[in-house]
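What follows is each chain in one-letter form.
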Amino acid sequence: MEKDYGIKPKPQHYSWMVELLGRAGKLDEATDLIKKMPFKPHPAIFGSLLGASRIQKNIEVAEFAADKLLSIDPTNAAAYVQLANVYAVKNQWDNVSTF
């Protein structure tokens, strides 16, 4: 993007890429992208990863994303709800009830 069009990627671009990769089932690539970002991720980026983890039913990535999101914004109710939904889909009811 920067090389071809002279446009420097902004946080919003990274958030969109995380969303796209996650919806395509490429959660590892989305996580790697977040780790390699040239700036500190904002809550929407981890929210995108958490949402994609819920869709893909991936507990490990969901826990990672929720942990990072809640460390930035501990009052984010959506993070708790989405993580609980992932646990519920995987029939991990003990984890759901801890919220």
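Everything that follows concerns the structure shown earlier in this document.
These numbers come from a predicted model, not from an experiment.

S.K.: Help me understand the packing of helix 2 (residues 11–23) against helix 3 (residues 27–35), please; the structure alone is not making it clear to me.
M.R.: Helix-helix packing is characterised by the crossing angle of the two axes and by the distance between the axes. Remark: helix 2 packs on helix 3, axes separated minimally by 8 Å, with the N-to-C direction vectors making an angle of 165°. The angle between the axes of helix 2 and helix 3 places the two elements in the roughly antiparallel class. At the point where helix 2 passes helix 3, the crossing takes the left-handed sense. Note on element contacts: helix 3 touches helix 2 through Leu 27, Glu 29, Ala 30, Leu 33 and Ile 34, opposite Tyr 14, Met 17, Val 18, Leu 21 and Gly 22.

S.K.: Looking at this structure, how should I read the nonpolar core?
M.R.: Within soluble globular proteins, side chains that are nonpolar tend to cluster in buried spots. Ranked by size, the top nonpolar core spans 23 residues in total, and within it Val 18, Ile 34, Ile 45, Leu 49 and Leu 50 carry the most contacts. Counting only elements with at least two residues in this core, the list comes to helix 2, helix 3, helix 4 (43–56), helix 5 (59–72) and helix 6 (77–89). In terms of residue count, the dominant contributor to this core is helix 5 (7 residues). Other than its neighbours up to four places away in sequence, Val 18 contacts Ala 30, Leu 33, Ile 34, Ile 45, Ser 48 and Leu 49.

S.K.: Even after reading the chapter, I still don't get the environment of Trp 16, so can you show me in this structure?
M.R.: Residue position: Trp 16 is located in helix 2. Its relative accessible area of 47% is what places Trp 16 among the partly exposed residues. Measuring from C-alpha to C-alpha, the distance between Trp 16 and Ser 53 comes to 15 Å, with 37 residues separating the pair along the chain.

S.K.: Sorry, what's going on with the packing of aromatic side chains here?
M.R.: The way to describe two aromatic rings as a pair is by their centre distance and the angle between their planes. Enumeration over the complete set of coordinates arrives at 2 aromatic pairs. Taking the centre distance of 5.2 Å and the plane angle of 90° together, the rings of Tyr 14 and Phe 39 count as edge-to-face. Residue Tyr 14 is located in helix 2, and its partner Phe 39 is located in the loop between helix 3 and helix 4; the two are separated by 25 residues in the primary sequence. Residue classification places Phe 39 among the partly exposed residues on the basis of a relative accessible area of 24%. Looking at Lys 35, its charged tip hangs above the ring of Phe 64, at a distance of 5.5 Å from the centre.

Each value, and the rule that gives it
- Residues numbered from 1 in each chain as written.
- Predicted model: local features only at pLDDT ≥ 70, side-chain atom pairs only at ≥ 80, totals over all residues.
- Heavy atoms only, no water.
- Axes fitted to C-alpha atoms, helices over the stretch in contact; angles between N-to-C directions.
- Helix = DSSP H or I, 4+ residues; strand = E, 2+ residues; numbered from the N terminus.
- Parallel < 35°, antiparallel > 145°, perpendicular 65-115°, else oblique.
- Left-handed = near helix turned anticlockwise from the far one by under 90°.
- Contact = heavy atoms within 4.5 Å.
- Core = buried A, V, L, I, M, F, W, Y, C linked by side-chain atoms within 4.5 Å.
- Buried < 20%, exposed > 50% of the residue type's maximum accessible area, 1.4 Å probe, protein only.
- Phe/Tyr/Trp six-rings, centres within 6.5 Å; stacked < 30°, edge-to-face > 60°.
- Lys NZ or Arg CZ within 6 Å of the ring centre and 35° of its normal.

Purely spatial values, then, with no claim about function.
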